[in-house]
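Given next are the chains, with one letter for each unit.
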Amino acid sequence: MKRLHIIFLFFVTALIFQSCSTDVDLFADGEEYTIVYAMLNPSLDTNYVKITKSFTGNANENALNYDLSNYDYKLDVRLVNKRHNDTIILDTVSVYKPYDPNTPFYSDCQQLYYYTTHKLQDGDTYQLIIKKRDGSIISSEVKIISEFVFASYINNTISFESNVSNQSNQIRWRYNDINNATYATYYEVIGYFHYKQVNPGSTDTLDYSMTWNMGNGTYQELITDIYLHTTHIPSDFYNQLNSDVNIINNSPQGVKRYFGSFEVVITAVGEELYDYMLANNSSSAIQDTPEYSNIENGIGLMSSRFILSKNFTINPLTRRNLADNYPEWGFVYEP
């Protein structure tokens, strides 16, 4: 194994809110680097910044030794709102984060984070300033993307029948102030069909969900008039269920399944994270891993994101169709 300075920068997959992985790492030879990862979200009560450092050693032997990538002292970390010239001093917290496929941070270990509980203002530019003990400064800045809301839906229901009106093949959302909003660069829409299951001979009710990628794209690709939207084929709902692992492998005769909500999650990210995605998902099989970074005097990524979630009731026509025409799946129709 080549001896390198290993930089634990988070790899962002095509599913932009999924768990970051060490399967793809950035490498740098020669000297210590400060590694910064920050994904600022205006809707959160607490925003975290992860700051580590590279180390020299054998990756197989040292990659799991978290202490080697930590500073042994507290850094001076600040967020400056450049519009109002307000300074937020970040404090530290050591947190164990259990494995979660939706977290942007490493999981399953105790880690040190810098954090703030100050409400971040969308549309404002924040500069991150990190001062090390030797006086050197690491910095970056990002403009916080604006929050948005779902477009109105009749009775908050969603249908997967092609003959149902009310834009049944679209997921739509909009910014409250379209003229002054700071738009995200890239959006991804994921649907989660939640249901409960009781296997024959059992009294235990188990929770399951089917995941469906319902579209993605840039702001320019998805905007129409005042709405952004993705388009899906309603009947693909049944195709997704037909390929669901639990449906395929856990449908004994007599199984009963009960409808839950259909949750739609829209994740929007800033330009910096989108650029990082493009750089690291190159189709070239021969180029080195791109070392994209927007951290001055360090390496890493600072960007902004916003996540919007809504639970919809599945239209009675879809529930009836699923119960009557797919009896092998055991869904129970309840008016």
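Above this text is the structure in question.
Residues numbered from 1 in each chain as written. Predicted model: local features only at pLDDT ≥ 70, side-chain atom pairs only at ≥ 80, totals over all residues. Heavy atoms only, no water.

Novice: How would you explain the overall build of the protein chain if you had to name every residue and give the values?
Specialist: Counting its secondary structure elements, the protein chain contains 6 helices and 20 strands. For the protein chain, buried positions account for 50% of its 335 residues. For the protein chain, long-range pairs separated by at least 24 residues make up 68% of all intrachain contacts whose partners lie at least 6 apart in sequence. Roughly 16,500 Å² of accessible area belongs to the protein chain as shown, and the carbon and sulfur atoms make up 45% of that amount. (Helix = DSSP H or I, 4+ residues; strand = E, 2+ residues; numbered from the N terminus. Buried < 20%, exposed > 50% of the residue type's maximum accessible area, 1.4 Å probe, protein only. Contact = heavy atoms within 4.5 Å. Areas by Shrake-Rupley, 256 points an atom, 1.4 Å probe, with all protein chains shown as cover.)

Novice: So what's going on with the side chain of serine 304? Residues and values would help.
Specialist: Position of serine 304 among the secondary structure elements: in strand 20 (residues 299–314). Within the structure, the side chain of serine 304 is placed 3.2 Å from the backbone nitrogen of isoleucine 145, a separation counted as a polar contact. Once you skip the residues sitting within four places of it in the chain, serine 304 turns out to touch Met39, Leu40, Pro42, Val142, Lys143, Ile144, Ile145, Ala268, Val269, Gly270 and Glu272. (Polar contact = N/O pair within 3.5 Å; in protein donor to acceptor, adjacent residues only side chain to side chain.)

Novice: How would you sum up the sheet that holds strand 18 (residues 227–231)? Please name residues and give values.
Specialist: With antiparallel pairing, the 4 strands of this open sheet are ordered in space as 12-14-18-17. Looking along the sheet, the strands with just one partner apiece sit at the ends: strand 12 (149–150) and strand 17 (223–224). Where strand 12 lies against strand 14 (residues 170–174), 2 bridges are found, and the strand directions are antiparallel. Within the sheet, the bridge partner assigned to phenylalanine 150 lies in strand 14 and is tryptophan 173. (Pairing = 2+ DSSP bridges.)

Novice: I'd like to hear about the environment of phenylalanine 331, residue by residue, with values.
Specialist: As for its placement among the helices and strands, phenylalanine 331 is situated in the segment after helix 6 (316–325). In this structure phenylalanine 331 comes out as buried when scored by relative accessible area, which is 5%. Separated by 135 residues in sequence, phenylalanine 331 and lysine 196 have C-alpha atoms that sit 9.4 Å apart. Beyond its immediate chain neighbours, meaning those up to four positions away, phenylalanine 331 contacts Phe193, Tyr195, Ile247, Arg257, Phe259, Leu322 and Ala323.

Novice: Provide a residue-level description of the pattern of salt bridges, including the pertinent values.
Specialist: The full count for this structure, using the stated rule, is 8 salt bridges. A salt bridge links glutamate 141 to lysine 82; its shortest N-O distance comes to 3.0 Å. Of this pair, glutamate 141 sits in strand 11 (residues 137–143) while lysine 82 sits in the loop between strand 6 (76–81) and strand 7 (86–89), placing them 59 residues apart in sequence. Between arginine 320 and aspartate 324 there is a salt bridge, with its nearest N and O atoms 3.7 Å apart. Taken together, the positions of arginine 320 and aspartate 324, both in helix 6 and 4 residues apart, correspond to about one turn of that helix. (Salt bridge = Lys/Arg side-chain N within 4 Å of Asp/Glu carboxyl O.)

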